[in-house]
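# Commentary on secondary and tertiary structure
Listed below are the residues making up each chain.
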Amino acid sequence: MSKVRAAVIGSTGRGNYGHGLDVAWLDVPNVELVAVADDNPTGLAAEAKKLKVEQAFTDYRKLLDEVKPEVVSVCQRWIDRHHEMLLACLERGIHVYSEKPFCRTLAEADQLVAAAERTHAKLAIAHQTRYSPRIEIAKQLIANGKIGKVLEYRGRGKDDQRGGGEDLWVLGTHIMDLIRNFSGGAEWCFARVNQNGRPITKSDVAEGNEGLGPLAGDDVRAMYGLADGTTGYFASRRNATGRTSRFGLQIYGSEGVIEIITGHVQPTIKLLVDSGWSPARSKKQWVEVSTAGIGEPEPVKDGGLHVLNVMAIEDLLAAIKENRDPKGNIYQARGATEMIVAVFESHRVGGPVTLPLKTRQNPLTLLEA
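Now for a quick tour of the structure. Only a predicted model underlies this, so the values are computations on that prediction, with no experimental measurement involved. Position numbers for residues count from 1 along each chain, tracking the sequence in the order it is written. Reporting of local features is limited, given that this is a predicted model, to residues whose pLDDT is at least 70; pairs of side-chain atoms are given and counted only at 80 or more, and all residues count toward the totals for whole chains, interfaces and linings. For the side-chain quantities, the full set of heavy atoms in the structure was used; hydrogens and water were omitted.

## Description of the packing of helix H7 (residues 172-183) against helix H10 (residues 330-349)
- Lines are fitted to the C-alpha atoms to define the axes, a helix being fitted only along its stretch in contact, and any angle between axes, read from their N-to-C directions, falls within 0 to 180 degrees. Starting at the N terminus, helices and strands are each numbered in turn, a helix being any DSSP run of H or I of at least four residues and a strand any DSSP run of E of at least two. One way to put it is that H7 packs onto H10 with a least axis distance of 9 Å and a crossing angle of 115°. Overall, the two elements H7 and H10 adopt an arrangement that is roughly perpendicular. As H7 packs across H10, the resulting crossing turns out to be right-handed. Along the contact surface, H7 presents Thr-173, Met-176, Asp-177, Ile-179 and Arg-180, while H10 presents Tyr-331, Gln-332, Gly-335, Ala-336, Met-339 and Ile-340.
- Only Asp, Glu, Lys and Arg are considered charged in this grouping, and only Ala, Val, Leu, Ile, Met, Phe, Trp, Tyr, Cys and Pro are considered nonpolar; every other residue, Gly among them, is considered polar. Classifying every residue of the contact of H7 with H10 gives 6 nonpolar, 3 polar and 2 charged. Angular relationships are summarised with four words: roughly parallel below 35 degrees, roughly antiparallel beyond 145, roughly perpendicular across 65 to 115, and oblique for the angles in between. Crossings are classed by handedness, with left-handed meaning an anticlockwise turn of the near helix from the far one by less than a right angle and right-handed meaning a clockwise turn. Throughout, a residue-residue contact means that at least one pair of heavy atoms, one from each residue, lies within 4.5 Å.

## Considering the nonpolar core
- What we call a nonpolar core is a set of buried Ala, Val, Leu, Ile, Met, Phe, Trp, Tyr and Cys residues that are connected through their side-chain atoms within 4.5 Å. Summary of the burial criterion: residues with accessible area below 20% of their type's maximum are buried, those above 50% are exposed, and those between are partly exposed, where the area comes from a 1.4 Å probe applied to protein chains only. In this structure, Phe-182, Tyr-224, Ile-251, Ile-258 and Val-343 are the most contacted members of the largest nonpolar core, which totals 52 residues.
- At 7 residues, H10 tops the list of elements feeding residues into this core.
- Not counting residues up to four positions away in its chain, the partners in contact with Tyr-224 are Met-176, Ala-186, Trp-188, Cys-189, Thr-230, Thr-231, Gly-232, Phe-234, Met-339, Ile-340 and Val-343.

## Topic: the layout of surface pockets
- In this structure, the largest pocket occupies an estimated 310 Å³ of space.
- Surrounding the largest pocket, 14 residues form its lining, Val-4, Asn-30, Leu-317, Ala-318 and Lys-321 being those nearest its centre.
- At 5 residues, the largest contribution of residues to the lining of the largest pocket is made by helix H9 (residues 304-322).
- Among the residues making up the lining of the largest pocket, the classes are represented as 8 nonpolar, 3 polar and 3 charged. Using protein atoms alone on a 1 Å grid, points that fit a 1.4 Å probe yet trap it form a cavity, whereas open point sets bounded by protein on both sides within 12 Å along at least five of seven lines form a pocket; residues with an atom within 4 Å of a point count as lining. Grid points are joined across faces, edges and corners, and a volume is the space filled by probe spheres set on the points.

## Considerations on the side chain of Thr-359
- Along the polypeptide, Thr-359 turns up in the segment after strand E19 (353-354).
- Polar contacts involving the side chain of Thr-359 include one to the side chain of Glu-345, which spans 2.9 Å.
- For Thr-359, the residues in contact, after removing those within four places along its chain, are Leu-106, Glu-345, Arg-348 and Leu-366. Under the rule applied, a polar contact is a pair of N or O atoms within 3.5 Å (in protein, one hydrogen donor and one hydrogen acceptor; residues adjacent in sequence only if both atoms are side-chain atoms).

Structure, rendered in structure tokens:
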């Protein structure tokens, strides 16, 4: 069996190689890592040595044209060049495993989707939690009625120094993907974005960190109407983090709650069978959920993000072979981005907005005052 030829694109000093999207290829069977591109010569040399590849390029387009890999990891964590890098791959019919966030605007997302549909190239986004087997166990618990009828989803970012708009973009994309994974997606959004205790205005807009583009807000509150008839919530406030992370998603049902805490390891999932959602009153206990079930020891070694990256890449390669969409496909990537953009668009218009959004550019560039 011939090996799949894969390559890596990164940018030292501008997000480097993301969350291990480069080294994951070394543990994927039947893959040959053939080249790396990095516009930082020092970083390029170090990465080529780490990946043990001889072909190293400072221009990623030259890599694509000369090496002609079948699959590429776009690893740069900064978002400002995602669109151009992804488009260069997709227009050449090269499949992609991409770092998140997907891209800066819905116009960019639409162009990438169009290119992928035109060339039949497939893209998977690095929302690694989607690939954890524990997520499937959580879905089974819900399907089996363990928390009764699902009523709402509550997600938060890290509430750290990035809290608000930046947290929404950089970490909220994982939460939006989780909400979509369980609920099927959002149909409307009603949100407000504040800065220093007041609604943001045009004067608050500035260039965001990590190439995010125009950004504002240190306090984000959003509500979504979801496809399964439930309601979703997302919130983030700057410097409001606790010593125990709240970064994750809670799924509230008529008979209990499922909590999914995510981060740089396999998600921690806990179940509370309590219709009042209050163990202090009911004396019920949160129980850990493993891949073996409720309260069972975890039989699978964690392995963190690396294992989840390998799972995502293996799913992408299977999707290419089977001519299907990957689990975390380009449409899911655009959908999570749309839920983020909808927050700023709802704030701009001062009311609820329906999805898909009519506005495909950054709403903050359209603020009139």
